[in-house]
Amino acid sequence: MDNKTITHLQELESESMYVLREVAAQFERPCILFSGGKDSIVVTYLAYKAFYPAKIPFPLLHIDTGHNFKETLEYRDQLVKDMGLDLIVGSIQESIDKGRVKEETGYYASRNKLQTTTLLDTIEQYKFDAAIGGARRDEEKSRAKERFFSHRDEFGQWNPKNQRPELWNIFNGRKNIGEHFRVFPISNWTEMDVWQYILQEKIPMPSLYFTHERKVFNRDGQWLAAEPCIKRKPSEEVVTRQVRCRTIGDITCTGLTLSKAHTLEDIIEEIAASRITERGGRADDKRSETAMEDRKKAGYF
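What you see is a predicted model, and the numbers here were worked out from it, not measured in a lab.

For the rest of this paragraph, the subject is the state of the cysteines. All told, the structure shown has 0 disulfides when counted by the stated rule. Residue Cys 253 stays outside any disulfide, its sulfur separated by 9.8 Å from that of Cys 229, the closest cysteine.

See the structure below:
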């Protein structure tokens, strides 16, 4: 009899694949919310393993802010090609052109918040009844309130005080017409778990996660990429630094970390020693004490 010990990563993987298979069983038109960040990449690879040798039965849905790192888009397109996936792109620029949202102006302008309208419009257009995301409970206090199956009303909004119990891993995906669910298969993973799994599974990652030379400037103690989509103040000097992304999002709100992490092992060591939270470099989370929860209630990822 094989007494091989089940590792915590194997337990997490098994749980996540169970959730993904439940989505396939309970919903008619699910999709995977794909940002090009490590969490959505891991969710996609978990789906690949969960349904292998069949094709992943969900398309990828990417909300394109128009202010993405080029490395993110290159990685996305290569992944879609390699796995033979279907890709649907919702464009914030199209939402702006149609008058659905108004572009922010000024030094702190960002399209990050505008993703909510484009996301909800795209979900409605394609009639998705479940959107699978890579959010984890350890990321941020409002995300710690999420269930695996997180109900959204007909307006795409989330009520953290009205969620369904999930006892014994029994998930209730019943909904009314016009409603949908957000599903978070890696809810119980930590940032360290994600990177250890990436190392274990040898998952290729966007080059942005590794130390590279980039032109940056410092704003309020945070390094930002010196790109045309960010309006700089006269006092903000552009310099060249060795940096990497700890999280990847819209360029305007993605803080960069000074780093010497050139390998996955280096990243894991760096995270283990860090006393700054993963989203500590996200400018969008600093707009207010409840910035993330306010966006999530309105329909954000």
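Remark: helix H2 (residues 38–51) packs on helix H3 (residues 70–83), axes separated minimally by 13 Å, with the N-to-C direction vectors making an angle of 0 degrees. As judged from the angle between their axes, H2 and H3 are roughly parallel. The segment H2 lies against H3, with Ile 41, Thr 44, Tyr 45 and Tyr 48 engaging Tyr 75, Leu 79 and Met 83. Looking at the contact of H2 with H3 residue by residue, the classes come out as 6 nonpolar, 1 polar and no charged.

Right, let's talk about the pattern of salt bridges for a bit. A complete count under the given rule lists 16 salt bridges for this structure. Put simply, Glu 227 and Arg 214 hold a salt bridge, and the shortest N to O gap is 3.7 Å. Remark: Arg 214 occurs in strand E7 (residues 212–219) and Glu 227 occurs in the loop between strand E8 (222–225) and strand E9 (239–245); sequence separation between them is 13 residues. In this structure, Arg 219 and Glu 236 form a salt bridge, with 2.8 Å as the shortest nitrogen-oxygen distance. Residue Arg 219 is located in strand E7, and its partner Glu 236 is located in the loop between E8 and E9; the two are separated by 17 residues in the primary sequence. The exposure classification of Arg 219 matches that of Glu 236, with both residues buried. Beyond isolated ion pairs, a larger network of salt bridges with shared partners links Lys 38, Asp 39, Arg 136 and Asp 138.

Rules used in this analysis
- Residues numbered from 1 in each chain as written.
- Predicted model: local features only at pLDDT ≥ 70, side-chain atom pairs only at ≥ 80, totals over all residues.
- Heavy atoms only, no water.
- Disulfide = S-S within 2.5 Å.
- Axes fitted to C-alpha atoms, helices over the stretch in contact; angles between N-to-C directions.
- Helix = DSSP H or I, 4+ residues; strand = E, 2+ residues; numbered from the N terminus.
- Parallel < 35°, antiparallel > 145°, perpendicular 65-115°, else oblique.
- Contact = heavy atoms within 4.5 Å.
- Nonpolar A, V, L, I, M, F, W, Y, C, P; charged D, E, K, R; others polar.
- Salt bridge = Lys/Arg side-chain N within 4 Å of Asp/Glu carboxyl O.
- Buried < 20%, exposed > 50% of the residue type's maximum accessible area, 1.4 Å probe, protein only.

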